Amino acid sequence: MKITLLQLTSSDNISKNLEQILTLIEQHLARQTVGKRTRLFIMPENSLYFRVIEGEPLQALKFDSPEIQRLQTLCNEQSVDLHFTTPMEDKGKVWNASVLLSPNEAPKIIYKKIHLFDIQLEGQKPIRESDFFTHGDEVTGFEIEGIRFGSSICYDLRFSELYQQLARNKVDVILVPAAFLVKTGQAHWETLLRARAIESQAYVLAAGQVGEHKTTQAGKTASRFTYGHTMAVDPWGTVVECKAEGVGCLDIEISLDLVRSVRRQIPMSDHRRLK
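Treat the numbers as computed from the prediction; the structure is a model and nothing was measured.

*Asks:* Please give an account of the packing of aromatic side chains that cites residues and values.
*Replies:* One pass over the full model with this rule turns up 4 aromatic pairs. Judged by centre distance (5.2 Å) and plane angle (80°), the rings of Tyr155 and Phe159 are edge-to-face. Seen from their ring centres, Phe180 and Trp189 are 4.8 Å apart, and the 55° between their planes marks the pair as tilted. The pair formed by Phe180 and Trp189 is uniform in burial state, with each residue classed as buried. Cluster of aromatic residues (ring-pair linked, three or more members): Phe117, Tyr155 and Phe159. Above the face of the Phe132 ring, Arg51 is positioned so that its terminal group lies 4.2 Å from the ring centre.

This is the structure we're talking about:
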């Protein structure tokens, strides 16, 4: 299966974010040949709405939001699956959630972020996702064409117990849509992604936000920066594709034969002793 990761520079303008996404996907598909087209597009965290000013009210979307309906139309017309992560309102609560759109099916939330990002780096303002989002509490996944996907989002990456459960669920691919800060990205991003792939013996696909995210309010401009480095890591822990900078697309071919080969050589699932 061919999968395409999108690296975005989203903002708090949902309409502009949607246009960025549509343009990237439509242009990428137009360059592909029949039989070698992308089946699944994966977008980073905050793909449709990126809050630039910490503490500002969130703009959460719903399934009937026009932006989601427009993406569903693209999905139907192009016969592709779309995976995006953005603030979503569901059952009276707001979640940092991953949504899967499949051709001619109803949109569905497939994962709600378990570990919310409440941190304060030295010399920077605190960030507190839990002031606005509800914690998820379920380890989830989905399947396309016989490939089993496991779900996680950004800050989840630091909590190995989530990935141990995904490994027990025998997923083939783990998704890590993210908006990593530059400082922590430089220190930990690749190391954590490779570790998760090695310990899970699965592909890890991490679509990231990148660069400067700007907004202008009351005549004043504010901005935040994210690390980028959208990355695909194979089950052996090798970085097979990386887009360090700039908005764009990154293609990866998933091989279940490679997953099986790694697990056959080092049968970790047969050796686990702790639960």
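Let us keep going from here.
*Asks:* Tell me about the nonpolar core, residues and numbers included.
*Replies:* By size, the foremost hydrophobic cluster in this structure holds 26 residues, and its most contacted members are Ile25, Leu71 and Leu82. For this core, the secondary-structure elements that each account for two or more residues are helix 1 (14-30), helix 2 (66-78), strand 3 (81-90) and strand 4 (93-101). In terms of residues, this core owes the most to one element, helix 1, which gives 7 residues. Residues within four places of Leu82 in sequence aside, it is in contact with Ile25, Leu40, Phe41, Met43, Leu71, Leu74, Cys75, Val99, Leu100 and Leu101. Formed by 23 residues, the second largest nonpolar core is a distinct cluster that contains Leu157, Val176, Ala178 and Phe180.

*Asks:* Describe the sheet that holds strand 5 (residues 108-112), with residues and values.
*Replies:* Taken in spatial order, the 6 strands of this open sheet run 5-4-3-2-1-16, and their pairing is mixed. Of all the strands in the sheet, the pair left with one neighbour each is strand 5 and strand 16 (248-253). Adjacent strand axes in the sheet meet at a mean angle of 35°, parallel and antiparallel pairs treated alike. As defined by bridge partners, strand 2 (residues 40-42) adjoins strand 3 across 3 bridges and the pair is classed as parallel. Across the sheet, the residue bridging to Ile42 is His83, located in strand 3. This element, helix 1, spans strand 1 (2-7), strand 2, strand 3 and strand 16 of the sheet and lies at about 145° to strand 1.

*Asks:* Can you lay out helix 4 (residues 182-200) for me, pointing to particular residues and giving the numbers?
*Replies:* Between its first and last C-alpha, helix 4 extends 26 Å over 19 residues, near the 27 Å set by a 1.5 Å rise per residue. The largest bend along helix 4 reaches roughly 50° and is located at His188. Looking only at helix 4, the buried set comprises Thr184, Gly185, Trp189, Leu192, Leu193, Arg196, Ala197 and Ser200. Of the residues one or two after helix 4, Gln201 is the one with positive phi, at around 50°.

*Asks:* Give a description of the side chain of Thr226 that names residues and reports values.
*Replies:* Checked against the element boundaries, Thr226 lands in strand 13 (residues 220-227). Residue classification places Thr226 among the buried residues on the basis of a relative accessible area of 5%. Only 3.0 Å separates the side chain of Thr226 from the backbone nitrogen of Val210, close enough to count as a polar contact. Here the side chain of Thr226 touches His213 through a polar contact of 2.6 Å, side chain to side chain. The residues contacting Thr226, other than those within four sequence positions of it, are Phe50, Ala179, Phe180, Val182, Gln209, Val210, Gly211 and His213.

Calculation rules
- Residues numbered from 1 in each chain as written.
- Predicted model: local features only at pLDDT ≥ 70, side-chain atom pairs only at ≥ 80, totals over all residues.
- Heavy atoms only, no water.
- Phe/Tyr/Trp six-rings, centres within 6.5 Å; stacked < 30°, edge-to-face > 60°.
- Buried < 20%, exposed > 50% of the residue type's maximum accessible area, 1.4 Å probe, protein only.
- Lys NZ or Arg CZ within 6 Å of the ring centre and 35° of its normal.
- Core = buried A, V, L, I, M, F, W, Y, C linked by side-chain atoms within 4.5 Å.
- Helix = DSSP H or I, 4+ residues; strand = E, 2+ residues; numbered from the N terminus.
- Contact = heavy atoms within 4.5 Å.
- Pairing = 2+ DSSP bridges.
- Axes fitted to C-alpha atoms, helices over the stretch in contact; angles between N-to-C directions.
- Expected span 1.5 Å × (residues − 1).
- Bend = angle between axes of the 7 residues up to and from the residue.
- Polar contact = N/O pair within 3.5 Å; in protein donor to acceptor, adjacent residues only side chain to side chain.

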